[in-house]
Amino acid sequence: MPKQTPNLNLFKVDGDTDGNDTFNVDVVLNDNWDKLDEVIGEVREELENVVVDIPLASLTKAGIVQLSSATDSSAEDKAATPKAIKDAALQSKSYTDQQINLVTETGIPKLVSYPLKIIATSDNQTVFEIPLDLFDVNTDTLLVSINRAVLDPTQYTVTNTIRSGDGEVTQRAKITLLSGVSSTSEVTMVVLKNVPLGEGGAINGAVLAVDSVPINRVNGLQGQIDEAFQAGNERKAEVVAALVAIGVPASTSETWAQIIPKISAVIRATGNATAADVLAGKTFSNATGNNLIGSIPNRGVGGTITPGTTNQTKEAGYYSSALTVLGDPDLVAANIREGMEIFGVIGALKPELYATGITQSAMTSAEFITARGVPSSYPHYPVQVSGLSFKPKILALFSPDRTNINQITNLIVYLGPLGYTFDGWEMYDMSDTGSNYRVDGTASYITETGFRLAAQYNTTYVWHAFA
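So, how was this worked out
- Residues numbered from 1 in each chain as written.
- Predicted model: local features only at pLDDT ≥ 70, side-chain atom pairs only at ≥ 80, totals over all residues.
- Heavy atoms only, no water.
- Buried < 20%, exposed > 50% of the residue type's maximum accessible area, 1.4 Å probe, protein only.
- Helix = DSSP H or I, 4+ residues; strand = E, 2+ residues; numbered from the N terminus.
- Pairing = 2+ DSSP bridges.
- Axes fitted to C-alpha atoms, helices over the stretch in contact; angles between N-to-C directions.
- Polar contact = N/O pair within 3.5 Å; in protein donor to acceptor, adjacent residues only side chain to side chain.
- Contact = heavy atoms within 4.5 Å.
- pLDDT = per-residue confidence, 0-100.

Colleague: Explain the pairing of strand 16 (residues 283–286) to me, please; I cannot follow it from the model alone.
Modeller: On a regular strand, one side chain projects to one face of the sheet and the next to the other, so that they alternate. Where burial is concerned, the two faces of strand 16 differ: the one with Phe284 and Asn286 is buried and the one with Thr283 and Ser285 is not. As paired strands, strand 16 and strand 17 (residues 289–293) are joined by three bridges and run antiparallel to one another. Note that in strand 17 the partner of Thr283 across the bridge is Ile293. Hairpin remark: strand 16 followed by strand 17, antiparallel, with two residues in the connecting loop.

Given below as structure tokens:
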């Protein structure tokens, strides 16, 4: 009685009870391959959108393994390379070639399968050599799949192996696909030696006569089926581990029908943020990975910056509040000396120099020249100031003890070029007498560092000088 596997309902032949039944390739092989291919294709498509952080593998945990080309190693933490598989296949082939001429106890040839894999080397490639010198299109069955998708025999043609007169192979058999495949595509072939297909895909029942080919004598077939199951279980374990790692409950006891919707519900990280865009100590994800750590320094509170005479640098980083640079409404051109620039504001102020002080007139009178060029007829006392940093243009002097409004008669005023001139001489006015006196450069003078003027009284004077 045929049986079915519990997970994928794959058809299994019972060697003890089904020996006399016709070996239907579609039911026993093709349908099983289709089921496996469909499920693994779905899983493969879902896995492409899952970022799996796979640890190093061990006997108790799935993960990354080291490749090995050895065919005689007993290591349990390495995976076989295509070269190792090829070498093992060649060794198996050598043994099979020795056995191919043998027959079973009933005199019927043994059923032998040859799994072969070829990688396309160019785009739109259609022709592939069958790497098996023993292949004979007249007596053997060829099963072909592209990237695990099983092809119908109508999708390709087969040219037979060509041999010389003494039986040496001069050209291997080839398959020609009706449609080309892309570079790196996997072309998988399984040759069933000495098993020609009959009508409807059936195999001659004599090949599978009772006790002629027990299940452990079908070379490679059971191993391929077991390998497919093992691969499916390993991929399931990896998917379950990846889901659990991101917080999605999953178990290997669940079926793929239960796991696949969970994969579909996973939201994959997107975006282009980098560590330089995220605060230090904070984690983030983007299109390239998860649990990335930011690097922007946290500088704390922003605060206030008061401008000074030197530059003040705030380090780059994140500030939890605003950075305020103080301003001043008086920072305008009219308040900045002409020729100076402060924070980009060019000054327009032209300073008018000013000085003031108190000085005592000389104790002895002196002679001063009036506007008419003659000495004054009254005694006058010199008021002299030195040490100025500019030449005054305006001078005003008065005596503090004569500030009564009725007695302001001791006022002396010099207005320079803006004031009164006579006969080409600058004058200054002495209000007590109502007289004007020449700035003759000798008795009265105005220089770059001071002045000397006549005063009617011998007393203390307050003076104001303007440039």
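Colleague: Would you mind showing me how to read the sheet that holds strand 10 (residues 156–159) here?
Modeller: Sheet strands pair by backbone hydrogen bonding; their relative direction is either parallel or antiparallel. Strand order in the open sheet formed by three strands is 7-13-10, and the pairing between neighbours is antiparallel. With one partner strand each, in any of the chains shown, strand 7 (125–129) and strand 10 form the two edges of the open sheet. If you compare each strand with its neighbour and ignore which way they point, the axes differ by 25 degrees on average. In terms of strand pairing, strand 7 meets strand 13 (residues 174–181) through four bridges, oriented antiparallel. Across the sheet, Glu129 pairs through a bridge with Lys174, a residue of strand 13.

Colleague: How do you make sense of the side chain of His380 when you look at a structure like this?
Modeller: If you trace the backbone, His380 turns up in the loop between strand 24 (354–360) and strand 25 (381–385). Polar contacts involving the side chain of His380 include one to the main-chain carbonyl oxygen of Tyr378, which spans 2.8 Å. Those residues within four positions of His380 in sequence are excluded, and the remaining contacts are Ser365, Ala366, Phe368, Met430, Tyr437, Ala454, Ala455 and Gln456.

Colleague: Help me out: how do you make sense of the sheet that holds strand 6 (residues 112–119) in this one?
Modeller: As summarised here, the arrangement of the four strands in space is 6-14-8-9, forming an open sheet in which the pairing is antiparallel. Taken across any chain shown, the strands that pair with only one partner, and hence form the sheet edges, are strand 6 and strand 9 (149–150). One ladder, built from eight bridges, connects strand 6 with strand 14 (residues 186–193); its direction is antiparallel. Bridge assignment links Leu116 to a residue of strand 14, and that residue is Met189.

Colleague: What is the right way to read unusual backbone geometry from this model?
Modeller: In terms of backbone geometry, most residues other than glycine have negative phi values and most peptide bonds are trans. The phi torsion at Arg148 lies on the positive side, around 75 degrees, for a residue other than glycine. Residue position: Arg148 is located in the loop between strand 8 (141–146) and strand 9. The class of Arg148 is partly exposed, set by a relative accessible area of 45%. Residue Phe343 is not a glycine yet carries a positive backbone phi of 50 degrees. In this structure, Phe343 sits in the loop between strand 22 (341–342) and strand 23 (345–346). Classification of Phe343 as exposed rests on a relative accessible area of 58%.

Colleague: Quick question: what am I supposed to make of the confidence of the model for the chain here?
Modeller: Low-pLDDT portions of the prediction should not be read for the details of their coordinates. When pLDDT is averaged along the chain, the result is 80, and 83% of the positions lie at 70 or above. A low-confidence stretch, residues 101–106 (pLDDT under 50), is modelled with 13 contacts involving residues beyond four sequence positions or located in other chains. In this model residues 204–214 is a low-confidence stretch, pLDDT under 50, and it forms 24 contacts with partners more than four residues away in sequence or in other chains.

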